[in-house]
Amino acid sequence: RPPGGPPKSVRILQPDGQLECSWHEVAPALGLTTARSGEYLNMRYFGHPVHEYHVLVPRHRGACAVVRFEPQTNPMAARVVDLWGKPEFVASLLADTAAYATDRGASFLDYYTTSSVFEKSLNEAGFDALVGDAAWQVPYLFNPPERRTRYNERFAARLIGLPDGGPRLLDECYFVKGDGD
């Protein structure tokens, strides 16, 4: 956030129509992904029985970042488990999300995705893209918290029942940590 400037984003505690509308505005550009309906968002993030999720949105909406803190790690880490929005809003939302996480004691913030759709926004917000073996440059602080000699995450999908011209490549899909954690 700008020095001395107020955050442009706020935490919301329940889903509303604006959140779902912002999803519907950007969903077509993301390709094959999980639909973020109000019912899904309430079940997945707002009413989760185990984890506390922090849903952050710009004051004007148009984007959303969902953060889960990992207090059992030392140093404490935070993970952006879901992210969507208009490209012109995502970078500032991510910068606010980093400040929000830091204010709550996190030393580390990451974001896993199968897509490069927000790559420019992530770079503008100060994230470093680590691909393949480069991911070992940063400590593996999250579930499962165990050391491995080699980190290989696999993703498999069988795309069925898609209309002609539907997504066929992983690059045409948008999955995030929140889709499977």
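Refer to the structure printed above.
Definitions and cut-offs
- Residues numbered from 1 in each chain as written.
- Predicted model: local features only at pLDDT ≥ 70, side-chain atom pairs only at ≥ 80, totals over all residues.
- Heavy atoms only, no water.
- Phe/Tyr/Trp six-rings, centres within 6.5 Å; stacked < 30°, edge-to-face > 60°.
- Helix = DSSP H or I, 4+ residues; strand = E, 2+ residues; numbered from the N terminus.
- Buried < 20%, exposed > 50% of the residue type's maximum accessible area, 1.4 Å probe, protein only.
- Lys NZ or Arg CZ within 6 Å of the ring centre and 35° of its normal.
- Core = buried A, V, L, I, M, F, W, Y, C linked by side-chain atoms within 4.5 Å.
- Contact = heavy atoms within 4.5 Å.
- Pairing = 2+ DSSP bridges.
- Axes fitted to C-alpha atoms, helices over the stretch in contact; angles between N-to-C directions.

A few words now on the packing of aromatic side chains. The relative placement of two aromatic rings is captured by the distance of their centres and the angle of their planes. All chains considered together, the criterion is met by 4 aromatic pairs. The interplanar angle of 80° and the centroid separation of 5.5 Å between the aromatic rings of Trp23 and Trp84 together place this pair among those described as edge-to-face. Remark: Trp84 occurs in strand β4 (residues 77–85) and Trp23 occurs in helix α1 (residues 17–30); sequence separation between them is 61 residues. Centroid distance Phe69 to Tyr100: 6.4 Å. Interplanar angle 40°. Geometry classified as tilted. Here the residue Phe69 occupies a position in strand β3 (residues 63–70), and Tyr100 occupies one in helix α3 (residues 87–103), the gap between them amounting to 31 residues. Taking relative accessible area as the criterion, Phe69 reaches 13% and is therefore assigned buried. What makes Tyr100 buried here is its relative accessible area of 11%. Through pairs of rings, three or more aromatic residues link up here, namely Tyr40, Tyr45 and Tyr53. Over the aromatic face of Tyr100 sits the side chain of Arg104, whose NZ or CZ is 3.5 Å from the ring centroid.

The next point concerns the nonpolar core. Leu19, Tyr45, Val55, Phe69, Leu83, Trp84 and Tyr111 are the most contacted members of the largest nonpolar core, which has 39 residues in total. Contributions of two or more residues to this core are made by α1, α2 (38–46), β2 (53–58), β3, β4, α3 and β5 (108–111). At 6 residues, β3 tops the list of elements feeding residues into this core. Not counting chain neighbours up to four residues away, the residues in contact with Val55 comprise Val10, Arg11, Ile12, Leu19, Tyr45, Phe46, Cys64, Ala65 and Val66.

Taken in spatial order, the 5 strands make up an open sheet running β1-β2-β3-β4-β5, and their pairing is mixed. The sheet terminates laterally at β1 (9–12) and β5, the two strands that pair on one side only. On average, adjacent strands in this sheet sit at an angle of 30° to one another, irrespective of strand direction. In this sheet, β5 lies alongside β4 in parallel orientation, the contact comprising 4 bridges. Considered in β5, the bridge of Ala78 is made with Leu109. The strands touched by α1 within the sheet are β1, β2, β3 and β4, with β4 carrying the most contacts at an inclination of about 80°. In the packing of α3 onto the sheet, the strands contacted are β1, β2, β3, β4 and β5, and the crossing angle to β3 comes to about 25°.

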